[in-house]
Amino acid sequence: MDIGAMRHRITIQKSATTIDAVGNHISSWSDFYSCWAEVNKASGREYGVNPETITEDTLVFKIRWCSKVSALNSKEYRIIFNGAVYNITAPPDDIKYQHEQYKITATLEVHHVR
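Predicted model only: the values in this text are computed from it and were never measured. (Residues numbered from 1 in each chain as written. Predicted model: local features only at pLDDT ≥ 70, side-chain atom pairs only at ≥ 80, totals over all residues. Heavy atoms only, no water.)

Draft legend 1. How the structure looks around the overall build of the protein chain. The helix and strand tally for the protein chain stands at 0 helices and 7 strands. Reading the protein chain from its N terminus to its C terminus gives the helix and strand order β-β-β-β-β-β-β. Here the protein chain holds 114 residues, and 30% of them are scored as buried. In the protein chain, once contacts between residues fewer than 6 apart in sequence are set aside, the share between residues at least 24 apart is 52%. About 7400 Å² of surface is accessible on the protein chain, with carbon and sulfur atoms providing 48% of the total. (Helix = DSSP H or I, 4+ residues; strand = E, 2+ residues; numbered from the N terminus. Buried < 20%, exposed > 50% of the residue type's maximum accessible area, 1.4 Å probe, protein only. Contact = heavy atoms within 4.5 Å. Areas by Shrake-Rupley, 256 points an atom, 1.4 Å probe, with all protein chains shown as cover.)

Structure (structure tokens):
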């Protein structure tokens, strides 16, 4: 494991649903875990028609192993990196089952503005 390559700070957020006084269900995100990560681009593509071209980037985040992160899933968690939101697309991979590193694959969340 190359600790020196883990030079990017990421925040993992967890989704929570609360009920307000009127009974409305409100979804919100709260910080769950923050750590240093090695970040690499796994793939990327552009699609759409001019003037609206949408970029879809998939990144791989490698972080140090910890039991807290083993519960990550694509429905309840997301990653904040460089001010952008990345949706986790696969459960964390305990690389070679050695309990040293996790590999998390996530795709940039795209907001359509019109």
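Still more ground to cover, so stick around.
Draft legend 2. Expanded view of the pairing of strand S5 (residues 84-88). Examined bridge by bridge, strand S4 (residues 77-81) and S5 share 4 bridges and lie antiparallel to one another. Across the sheet, Ile-79 pairs through a bridge with Tyr-86, a residue of S5. Counted along the chain from S4 to the antiparallel partner S5, the turn is 2 residues long, and its residue Asn-82 has a positive phi close to 50 degrees. Bridging between S5 and strand S7 (residues 101-108) involves 3 bridges; their strand directions are antiparallel. Bridge pairing in S7 places Ile-88 opposite Ala-106. (Pairing = 2+ DSSP bridges.)

Draft legend 3. Geometry of the nonpolar core. Formed by 19 residues in total, the largest nonpolar core has its most connected members in Ile-10, Phe-61, Ile-63, Ile-79, Phe-81 and Ile-104. Only strand S1 (8-19), strand S2 (25-49), strand S3 (52-64), S4, S5 and S7 provide two or more residues apiece to this core. Leave out the neighbours within four places in its chain, and Ile-10 touches Tyr-33, Ser-34, Cys-35, Ala-37, Phe-61, Ile-63, Ile-79, Ile-80 and Phe-81. (Core = buried A, V, L, I, M, F, W, Y, C linked by side-chain atoms within 4.5 Å.)

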